[in-house]
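Each chain, written out:
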Amino acid sequence: MRKDLLDVYDLELEDFKSIFENARRLKAMQEKKKAYTPLKGKTLGMIFDKSSTRTRVSFEVGMYQLGGLALFLSSRDTQLGRGESVGDTARIMSRYLDGIMIRTFSQEMVEEFAAFASIPVINGLTDLLHPCQILSDLFTIIEKKGTYEGLKVAYVGDGNNMANSWINAAARLPFHLALSCPEGYDPDAGIFDRGIKAAKEGITLYRDPAEAVKDADVVNTDVWASMGQESEQEARAKVFRPYQINEALLSLAKKDAIVMHCLPAHRGEEITAEVLDGPQSVVIDQAENRLHVQKAILEILISREEK
Ligand code: CP
Ligand code: NVA
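Heads up: these notes are all about the structure in this document. Treat the numbers as computed from the prediction; the structure is a model and nothing was measured.

Calculation notes
Residues numbered from 1 in each chain as written. Chains lettered and ligands numbered in written order. Predicted model: local features only at pLDDT ≥ 70, side-chain atom pairs only at ≥ 80, totals over all residues. Heavy atoms only, no water. Near = heavy atom within 4 Å. Polar contact = N/O pair within 3.5 Å; in protein donor to acceptor, adjacent residues only side chain to side chain. Areas by Shrake-Rupley, 256 points an atom, 1.4 Å probe, with all protein chains shown as cover. 1 Å grid on protein atoms, 1.4 Å probe; cavity = no way out; pocket = protein on both sides within 12 Å on 5 of 7 lines; lining within 4 Å. Sits in = over half its atoms within 2 Å of the grid points. Pairing = 2+ DSSP bridges. Helix = DSSP H or I, 4+ residues; strand = E, 2+ residues; numbered from the N terminus. Axes fitted to C-alpha atoms, helices over the stretch in contact; angles between N-to-C directions. Phe/Tyr/Trp six-rings, centres within 6.5 Å; stacked < 30°, edge-to-face > 60°. Buried < 20%, exposed > 50% of the residue type's maximum accessible area, 1.4 Å probe, protein only.

Let us now look at the site of ligand 2. Around ligand 2, a shell composed of Leu125, Asn160, Asn161, Asp222, Val223, Ser226, Met227, Cys262 and Leu263 is seen. Contact distances for ligand 2 include 2.7 Å between a nitrogen atom and a side-chain N or O atom of serine 226. A distance of 2.8 Å separates an oxygen atom of ligand 2 from a polar atom in the backbone of methionine 227. Protein burial of ligand 2: of its 270 Å² of free accessible surface, 95% is covered by the chains. Judged by the fraction of its atoms near the pocket grid, ligand 2 is located in the largest pocket.

Let us now look at the site of ligand 1. Within the structure, ligand 1 sits among Ser52, Thr53, Arg54, Thr55, Arg103, His130, Gln133, Cys262, Leu263 and Arg290. Threonine 55 places a polar side-chain atom, nitrogen or oxygen, 2.7 Å from an oxygen atom of ligand 1. Contact distances for ligand 1 include 3.1 Å between an oxygen atom and a side-chain N or O atom of arginine 290. Summarising the interface, the protein chains cover 96% of the accessible area of ligand 1, which totals 250 Å² for the free molecule. One can see that ligand 1 is located within the largest pocket.

On to the sheet that holds strand 4 (residues 121-123). If you walk across this open sheet you meet the 4 strands as 2-1-3-4, and the pairing is parallel. Only two strands of the sheet have a single neighbouring strand rather than two, namely strand 2 (69-74) and strand 4. Averaged over all pairs of adjacent strands, the angle between their axes in this sheet comes to 20°, without regard to strand direction. In terms of strand pairing, strand 1 (residues 43-48) meets strand 2 through 6 bridges, oriented parallel.

Before going further, it helps to spend a moment on the packing of aromatic side chains. Following the criterion strictly, the structure yields 7 aromatic pairs and no others. Ring centres 5.8 Å apart and planes at 90° place the aromatic pair tryptophan 166 and phenylalanine 175 in the edge-to-face group. Tryptophan 166 gets classed as buried once you look at its relative accessible area, which sits at 0%. Classification of phenylalanine 175 by relative accessible area gives buried; the value is 0%.

Laid out in structure tokens, this is it:
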């Protein structure tokens, strides 16, 4: 595996497998309340330019459970927020820390940080990508369905960081991805074109959400206005209305289809309360798995630095 985790497109099949296997092992250990502290004495910095519940708590708790320490670094309170360069910050933080997680707006900033840092850099969400979430979602699919291989995964809604990350995962792993986004809200064109060429089981983009959801094994959605797009909320709500995951749309999927959402959700917008809180929804387990998968990533990236 590379030094950094910036994009799942960078991962080899073996990397996916080792993350999932490690997450399974760590989750089983935690369920047995077995202490395991391979990151004793290690410190993770966490730079947040955007809000977070799951990512912050799971990284911070995960680091603690592995025997290390996590530092919450809001950009408002660091010199980064006052214009100190990314390069200087990355080089200096590399002298204090053993790893860094960044949640920010621009993917380029995270890439620049990683280029200057000598320690592992983990992308905790940008406007373009959310790789830790996708790894956790795939791990959840393996738990619930046994495998992702040969499944039809539908993603309905905005062509945002989650849609782009699903495309990157489908470019690397053998499942079929059926996307449905309204016109004007497609995923990133470069990621999509690269993805359809590389995809093992195909990637299809439909305008009609019914076609994407038909016979799907997994039905996914995400918010219509992501962090940073709050001012577009009202206009988007009108355009996206036909893309809501509700019982009628879900009835087109396989009977045993699971419903996923990275959360936070807006009940009554991208998904109805009946579906989000219904029997096919796995969203709480999906959120729990962020912890186990984050720990798996931290252990692999940070303890490997020793060797
Ligand atoms: N899914 C996710 O990343 O949640 P947070 O924004 O709460 O971290
Ligand atoms: N697309 C959402 C995901 C939140 C976890 C956002 O970027 O706000």
